[in-house]
Amino acid sequence: MESDFIDYVKILCRSGKGGKGSMHMHRAKYNPNGGPDGGNGGRGGHIYLRGNHNYWTLLHLRYQRHIFAENGGNGGDCCSTGAQGRDIYIDVPCGTVAYNADTGQYICDIVEDKQIVMLLKGGRGGLGNKEFATSTNKAPRYAQPGEPMQEMNVILQLKLLADVGLVGFPNAGKSTLLSTLSSAKPKIANYPFTTLEPSLGIVSYREGKSFVMADIPGIIEGASEGKGIGLRFLRHIERNSILLFLIDCESKNIKSSYDILLNELKQFNQEILDKKRILAITKCDLIDEELKEMLKQELPHDLPTVFISAPTMQGITELKDIIWKELNSESNKILGKITVEEKDTLVHRDLDMKSLSADFAGWEDDFPDDYEIADNTDFDEDDILYIE
């Protein structure tokens, strides 16, 4: 069964071509020398990305592979300007990042509801011969063609907006913790890779306060080389303020396990390591206090650590206190709300083109052989400006 959680899509976008200017001479019964009256062509439609908080995934774009704006209308006589092509607005969830699919280059980031970013600009309409009339050339017999349309293959990636991201090996108790702290209902079972897609949950705190926690599929050693599920879902913790590492108390070496997870994050994006980190030792209902004291000797000393057990609620209150303290610490505060004018704290890297072949292995051009494009058939190769 195909999942409804779609966090990346590849679409072909094409703006509208500008309409042609008219080369028309005014003709009237009692005005034999009417002169030029050709109107200008209409502007082609733009294509915009628009943030919409009502969307949580990119599922609505999964089968809408081709998005074309309307062409501008041609100019007419009597100085009539051609019709303007209809603009297209692509609604995406907040946290969506756009890339050029052919080069992997970063284009833009949608972080706010109703934020609008122009993706492709429609061509300007050509000038009619009326615009070229001068005192020395009163009857110009030429007009401008419209500017060409723009075309680009675009990759949209969703990076979930959350305060805390859960990082750990498979079966470390991430989904169990999320289901205990929030009303989220992730799949929980006693086998590896139970979680195959990210989950979000709102964690309630004291006095009506709350924060958002994100659970991603488990990471194994060698994930950066494609083992397990790989690192594709790690994009969802790039925006998190805090990384909560979960390690099973029965691990052979907790410090070694923690270092393995850190190394895999470093292979994905070294800037992730600059985030605040908390270490939680899970399933502690299986060990006694004496064993806990022994485990503390091998724990990292450079980050807050807490022993927890989600089923028995052991250490859960202490964990929430630590998370809330770190979220509101001076070194972790985000200065105000991210706006369109202000610089985003997340630095976006261009996509690795080698990884795209795996992510989009099944994405083929689904144009039928006899496919015709409505309202966009009046053009040739010279009318298209390919964006690379």
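Rules used throughout
Every residue gets a number counted from 1 within its own chain, in the order that chain's sequence is written. Note on the predicted model: pLDDT of at least 70 is required for a residue's local features to be given, and 80 or more for side-chain atom pairs to be given and counted; whole-chain, interface and lining totals, by contrast, use all residues. By convention in this description, side-chain values take in all heavy atoms of the structure and omit both hydrogens and water. In plain words, nonpolar cores are sets of buried Ala, Val, Leu, Ile, Met, Phe, Trp, Tyr and Cys residues tied together by side-chain atoms within 4.5 Å. Each residue is assigned to one of three classes by its accessible area relative to the maximum for its type, calculated with a 1.4 Å probe on protein chains only: buried under 20%, partly exposed between the two thresholds, exposed over 50%. Numbering goes from the N terminus for both helices and strands, where a helix is a DSSP run of H or I of at least four residues and a strand is a run of E of at least two. Working rule for contacts: check all heavy atoms of both residues, and any pair within 4.5 Å makes them a contact. Under the rule applied, a polar contact is a pair of N or O atoms within 3.5 Å (in protein, one hydrogen donor and one hydrogen acceptor; residues adjacent in sequence only if both atoms are side-chain atoms). Ring pairs are drawn from Phe, Tyr and Trp, using the six-membered ring of Trp, whenever the two centres fall within 6.5 Å, and their geometry is named by plane angle: stacked under 30 degrees, edge-to-face over 60, tilted for the rest. As a reminder, the over-ring test applies to NZ of lysine and CZ of arginine, requiring each to be within 6 Å of the ring centre and within 35 degrees of the ring normal. Think of it this way: DSSP has to see at least two bridges between two strands before they count as a pair. Think of each axis as a best-fit line through the C-alpha atoms, taken over the contacting stretch in the case of a helix, with angles from 0 to 180 degrees between the N-to-C directions. Here a helix's expected span is defined as the number of its residues, less one, multiplied by 1.5 Å. One speaks of a salt bridge when a side-chain nitrogen belonging to Lys or Arg is within 4 Å of a carboxyl oxygen belonging to Asp or Glu.

**Digging into the nonpolar core**
Turning to step 1, where the next piece is worked out: One finds Phe245, Leu265, Leu279 and Ile281 to be the most contacted residues of the largest nonpolar core, which totals 26 residues.
Turning to step 2, where the next piece is worked out: Elements that contribute at least two residues to this core include exactly β12 (242–248), α2 (254–268) and β13 (276–282).
Turning to step 3, where the next piece is worked out: With 6 residues, α2 is the largest single contributor of residues to this core.
Turning to step 4, where the next piece is worked out: Those residues in contact with Leu279, other than ones at most four positions away along the chain, are Phe245, Ile247, Ile254, Tyr258, Leu299, Pro300, Leu303, Pro304, Thr305 and Val306.
Turning to step 5, where the next piece is worked out: One finds Leu61, Ala69, Val154 and Leu160 within the second-largest nonpolar core, a separate group that totals 25 residues.

**Things to note about the side chain of Asn71**
Turning to step 1, where the next piece is worked out: The residue Asn71 is located in the loop between β3 (66–68) and β4 (88–92) in this model.
Turning to step 2, where the next piece is worked out: A polar contact of 2.8 Å, which involves the side chain of Asn71, links it to the backbone nitrogen of Lys17.

**Structural notes on the packing of aromatic side chains**
Turning to step 1, where the next piece is worked out: Under the definition given, this model contains 6 aromatic pairs.
Turning to step 2, where the next piece is worked out: Relative to Tyr106, the ring of Tyr99 lies with its centre 6.1 Å away and its plane at 70°, an arrangement referred to as edge-to-face.
Turning to step 3, where the next piece is worked out: Relative to Trp324, the ring of Tyr205 has its centre 5.1 Å away and its plane inclined at 25°; by these criteria the two rings are stacked. With Tyr205 in the loop between β10 (199–204) and β11 (210–215) and Trp324 in helix α4 (residues 316–327), this pair connects stretches of sequence that are 119 residues apart. You'll find Tyr205 and Trp324 in the same group, each marked buried.
Turning to step 4, where the next piece is worked out: A connected cluster of aromatic rings, assembled from ring pairs, spans Tyr205, Phe211 and Trp324.
Turning to step 5, where the next piece is worked out: Across from the ring centre of Phe68, 4.4 Å away, lies the NZ or CZ of Arg14, which sits over that ring.
Turning to step 6, where the next piece is worked out: The positively charged end of Arg62 is found above the aromatic ring belonging to Tyr63, 5.4 Å away from the centroid.

**Comments concerning the side chain of Thr57**
Turning to step 1, where the next piece is worked out: Within the secondary structure, Thr57 sits in the loop between β2 (47–51) and β3.
Turning to step 2, where the next piece is worked out: Judged by relative accessible area, Thr57 falls into the buried class, the value being 16%.
Turning to step 3, where the next piece is worked out: At a separation of 3.2 Å, a polar atom in the side chain of Thr57 contacts the main-chain amide nitrogen of Leu59.

**Points about the sheet that holds β2**
Sheet strands associate in pairs through backbone hydrogen bonding, adopting either a parallel or an antiparallel arrangement.
Turning to step 1, where the next piece is worked out: If you trace the 3 strands from one edge of the open sheet to the other, you get β4-β2-β7, paired in mixed fashion. The open sheet is flanked by β4 and β7 (116–120), the only strands paired with a single partner. This sheet shows a mean twist of 30° between the axes of neighbouring strands, independent of strand direction.
Turning to step 2, where the next piece is worked out: Relative to β4, β2 runs parallel, the two being bridged by 5 bridges. Paired with Ile47 across the strands is Ile88, a residue of β4.

**What about the sheet that holds β10?**
Turning to step 1, where the next piece is worked out: Read from one edge to the other, the open sheet built from 6 strands follows the order β10-β11-β9-β12-β13-β14, with strand pairing classed as mixed. In this open sheet, the two edge strands, each paired with only one partner strand, are β10 and β14 (305–307). Each strand axis lies, on average, 25° off the axis of its neighbour in the sheet, ignoring direction.
Turning to step 2, where the next piece is worked out: Where strand β9 (residues 164–168) meets β11, 3 bridges bridge the pair, whose relative direction is parallel. Along β11, the bridge assignment pairs Gly165 with Ala214.

**Remarks on α4**
Turning to step 1, where the next piece is worked out: Compared with an ideal rise of 1.5 Å per residue, which puts 12 residues at 16 Å, α4 spans 16 Å between its outermost C-alpha atoms and is within 8% of the ideal.
Turning to step 2, where the next piece is worked out: By the burial criterion, the buried members of α4 are Ile316, Leu319, Lys320, Ile322, Ile323, Trp324, Glu326 and Leu327.

**Section: the pattern of salt bridges**
Turning to step 1, where the next piece is worked out: What the rule picks out here adds up to 9 salt bridges.
Turning to step 2, where the next piece is worked out: Between Asp87 and Arg43 there is a salt bridge, and its shortest N-O distance comes to 3.2 Å. With Asp87 in the loop between β3 and β4 and Arg43 in the loop between β1 (8–14) and β2, this residue pair connects regions lying 44 residues apart in the sequence.
Turning to step 3, where the next piece is worked out: Its salt-bridge partner being Arg206, residue Asp321 comes within 2.5 Å of it at the nearest N-O pair.

**Quick look at unusual backbone geometry**
Turning to step 1, where the next piece is worked out: The backbone of Asn171 shows a phi angle near 65°, a positive value even though the residue is not glycine.
Turning to step 2, where the next piece is worked out: Structurally, the position occupied by Asn171 is in the loop between β9 and α1 (174–181).
Turning to step 3, where the next piece is worked out: A relative accessible area of 28% places Asn171 in the partly exposed class.
Turning to step 4, where the next piece is worked out: Residues other than glycine seldom take positive phi values, yet Met313 does so here, at roughly 65°.
Turning to step 5, where the next piece is worked out: Examined against the element boundaries, Met313 turns out to sit in the loop between β14 and α4.

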